[in-house]
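Overview (structure and organization)
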Amino acid sequence: MRRHILDSPISYYATFLVARCLPLNLCRLLGKVTTLIIYTFSKKDRKGLAVNLSTALDRPVTDPVVRRTVRQVFSNYGRYMIDFFLFPQLPPHKVKNFFADIKGEEILKNAMAKGRGAILLSAHVGNWEVGGSLLRTLNYPLAVVVMTHNTAATNALVNRFRQDKGISVIQVDQSPFSGIEVLRHLSNNGIVAMGGDRDYFGTGREIKFLGKNVKFPVGPVILAMNSGAALIPAFVLKQSDGRYFGVLEEAIPLTDEGDRDKAIKKNLEMTARIFEKYIRSYPDQWYCPDPIENSYTPRAA
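What comes next concerns the included structure. (Residues numbered from 1 in each chain as written. Predicted model: local features only at pLDDT ≥ 70, side-chain atom pairs only at ≥ 80, totals over all residues. Heavy atoms only, no water.)

**Re the packing of helix H10 (residues 219-227) against helix H11 (residues 260-281)**
At a minimum axis separation of 10 Å, H10 and H11 run at an interaxial angle of 115 degrees. Put simply, H10 runs roughly perpendicular to H11. For the pair H10 and H11, the crossing hand works out as right-handed. For the pair formed by H10 and H11, the contact residues are Val221, Ile222, Met225 and Asn226 on the first element and Arg260, Ala263, Ile264, Asn267 and Leu268 on the second. (Axes fitted to C-alpha atoms, helices over the stretch in contact; angles between N-to-C directions. Helix = DSSP H or I, 4+ residues; strand = E, 2+ residues; numbered from the N terminus. Parallel < 35°, antiparallel > 145°, perpendicular 65-115°, else oblique. Left-handed = near helix turned anticlockwise from the far one by under 90°. Contact = heavy atoms within 4.5 Å.)

Quick look at the structure:
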């Protein structure tokens, strides 16, 4: 996982204690102030976000709209951090109060009725983590596929929050056996949530994304093709009143005909088109500070 200023035991445990001990509005204010301070000093992340948002919004990097959106991304990320640490500490009925709606739930129910499970595929847009809390309050059998954090302490804390809500955690690496646990969960008609917009290991396929040549990870598409699970684009977004809403798109109509590499690329391109739609609709909730054309960074051994 990419190292960033907030990915440290001190910042994670501090956020956990703030969310646990202080009133919600004060927590969110502190989160906003903290991330705006970080915005002031994080020249590299500001520049990366500006480059990406310039591409998504089709505006120059120096355009005032792009600059305002970059600031709003930082502000929204502060809200995201607070809510991520807050939700696992709340009972289910209070978690539901933070959600306005879940759109397209029938798509998930139809997929589950087929008995092959479902892969909820998201991008780094919206608050994908708190969506897991919502699904568990609705009693769906959820597992999340995650990368390890940069320290054992932050990794243990974050995974504990996920597991405390009954969410199974599947950690993946470059091993060819990483997908076995995912397939096992799907074979039991479970739901697996994973990201599909970042190629962390440099093994993805290059496709057009926001007009650029970008490598997308092939794992989610291959897992869906091999298992027969529905591949459902899913997002959790913040609306104007501060509450979240979940949205599920129709399952990707995967193709497996003809040349397999071409089929995989075609399936990836279909996911990219949906990701583009949500990024352009909610650019201030797109948390991607690494330029998309060269965002892969080899992981340390």
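Next comes the rest of the account.
**Looking at a nonpolar patch on the surface**
Taken together, the side chains of Leu22, Leu26, Leu29, Leu30, Val33, Ile37 and Phe41 define a hydrophobic patch exposed on the protein surface, amounting to about 640 Å² of accessible area. You can call Phe41 exposed: its relative accessible area is 69%. (Patch = residues over 30% accessible without salt bridge, like charges linked within 9 Å, V, L, I, M, F, W, Y side chains within 5 Å. Areas by Shrake-Rupley, 256 points an atom, 1.4 Å probe, with all protein chains shown as cover. Salt bridge = Lys/Arg side-chain N within 4 Å of Asp/Glu carboxyl O. Buried < 20%, exposed > 50% of the residue type's maximum accessible area, 1.4 Å probe, protein only.)

**Some words on the sheet that holds strand E9 (residues 244-248)**
The sheet built from seven strands is open, its strands ordered E1-E9-E8-E2-E5-E3-E4 with mixed pairing. The open sheet has two free edges, formed respectively by strand E1 (99-103) and strand E4 (168-171), since each of these has just one partner strand. If you compare each strand with its neighbour and ignore which way they point, the axes differ by 25 degrees on average. Direction of pairing for strand E8 (residues 230-238) relative to E9: antiparallel, over a ladder of five bridges. Counterpart to Leu237 in the pairing with E9 is Phe245. Helix-sheet contacts for helix H6 (residues 105-113) involve E1, strand E2 (118-122), strand E5 (191-195), E8 and E9, and the interaxial angle to E8 is about 150 degrees. Across the face of the sheet, helix H7 (residues 128-137) comes into contact with E1, E2, strand E3 (142-146), E8 and E9 while running at roughly 85 degrees to E1. (Pairing = 2+ DSSP bridges.)

**Some remarks on the environment of Gln72**
Positionally, Gln72 belongs in helix H4 (residues 64-86). The exposure class assigned to Gln72 is partly exposed, which follows from its relative accessible area of 32%. Residues Gln72 and Arg160 lie 88 residues apart in sequence; the distance between their C-alpha atoms is 29 Å.

**Observations concerning the state of the cysteines**
Counted according to the given criterion, the structure contains zero disulfides. A disulfide-free cysteine, Cys21 has its sulfur positioned 8.5 Å from the sulfur of Cys27, the nearest such atom. (Disulfide = S-S within 2.5 Å.)

Functional significance is not addressed by these values, which are geometric in nature.
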